[in-house]
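# Per-entry structural report
Read off the chains here:
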Amino acid sequence: MDLTDDHIIDGLKSGVAKRPFFENELYLKYKYYIDEGCRKFRLSNDDSFSAYSDAVMSVIHNIVKNTFEERAQLKTYLFKVYSNKCIDLVRKNTAVKQIVHQPSGASDLLGQLPDAARSVIEKMIERQRIEQVKRYLDEIGENCKEILLLFEDNYTDREIAAKLEYNNAAVVKTTRLRCLEKIKKKFNLKN
């Protein structure tokens, strides 16, 4: 039996005895939101299920307490609450990932290793970073690569402008900063 939104709202307001039936009907009627949450917000099925359950409970609470003003359809209202719950989960998961992937965690783990092993791993990490920077320099273009390498060799913007025949040091500085931004973006995309 497919109840209308009005029937579900009336049933939820009708009293404690009938409420479980209408709660279940509301839950089942829009349960497909769980799959949408997985796709739209890239949540795991468990996270999407949790967000949906929380949203249904919030909507039921608002209907029972008469804070649902019925300015939108029940379906729309539930989806809005559900979307907000999903966004909260995405933010939470992103914050947790940032904490987990902070470089300080790696140095903490390195600190627990014996000196010989730590030295070998640090050298491997440094070699990997150097190779990564070389790849990124090749990807951002020859002009950027030249400017950044000269700057790294302690050439001033004025000296680089003269050496590479730029109009002035200000142009070199602006170009250098843009090149650095390109490198930073590559690091952020890969990490």
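Since the model is a prediction, treat every value here as computed from it, not as a measurement. (Residues numbered from 1 in each chain as written. Predicted model: local features only at pLDDT ≥ 70, side-chain atom pairs only at ≥ 80, totals over all residues. Heavy atoms only, no water.)

Let's shift gears to the state of the cysteines. If you walk through the whole model with that rule in mind, you get 1 disulfide. Disulfide pairing places Cys144 opposite Cys179 at an S-S distance of 2.0 Å. On the S-S bond that ties Cys144 to Cys179, the torsion sits near -75°, and the link is left-handed. Of this pair, Cys144 sits in helix α8 (residues 142-152) while Cys179 is found in helix α10 (residues 169-190), placing the two residues 35 residues apart along the sequence. Just so you know, Cys38 is unpaired, no disulfide at all, and the nearest cysteine sulfur is the one on Cys86, 8.5 Å from it. (Disulfide = S-S within 2.5 Å. Helix = DSSP H or I, 4+ residues; strand = E, 2+ residues; numbered from the N terminus.)

Tallied over the full model, the rule gives 7 salt bridges. The partner of Glu69 in a salt bridge is Arg71, and the shortest N-O contact between them spans 2.8 Å. Here Glu69 matches Arg71 in class, with each residue exposed. Here Glu181 makes a salt bridge to Lys184, at a shortest N to O gap of 3.8 Å. Placement of the pair is Glu181 and Lys184 together in helix α10, with a separation of 3 residues, close to one helical turn. The class for Glu181 is partly exposed, based on a relative accessible area of 41%. (Salt bridge = Lys/Arg side-chain N within 4 Å of Asp/Glu carboxyl O. Buried < 20%, exposed > 50% of the residue type's maximum accessible area, 1.4 Å probe, protein only.)

Of all hydrophobic cores here, the largest spans 26 residues; its most connected members are Leu26, Tyr52, Leu74 and Leu78. The set of elements that each furnish at least two residues to this core consists of α1 (5-13), α2 (19-29), α3 (33-40), α4 (45-64) and α5 (74-100). If you tally residues by element for this core, the top one is α4, at 7 residues. Apart from the residues lying within four places of it in its own chain, the contact partners of Leu26 are Ile8, Leu12, Tyr52, Val56, Val59, Ile60, Leu74 and Leu78. Grouped together as the second largest cluster of nonpolar side chains are 7 residues, Tyr136, Leu148, Cys179 and Ile183 included. (Core = buried A, V, L, I, M, F, W, Y, C linked by side-chain atoms within 4.5 Å. Contact = heavy atoms within 4.5 Å.)

One can find Lys134 in helix α7 (residues 115-140). Here Lys134 falls in the partly exposed class, since its relative accessible area comes to 46%.

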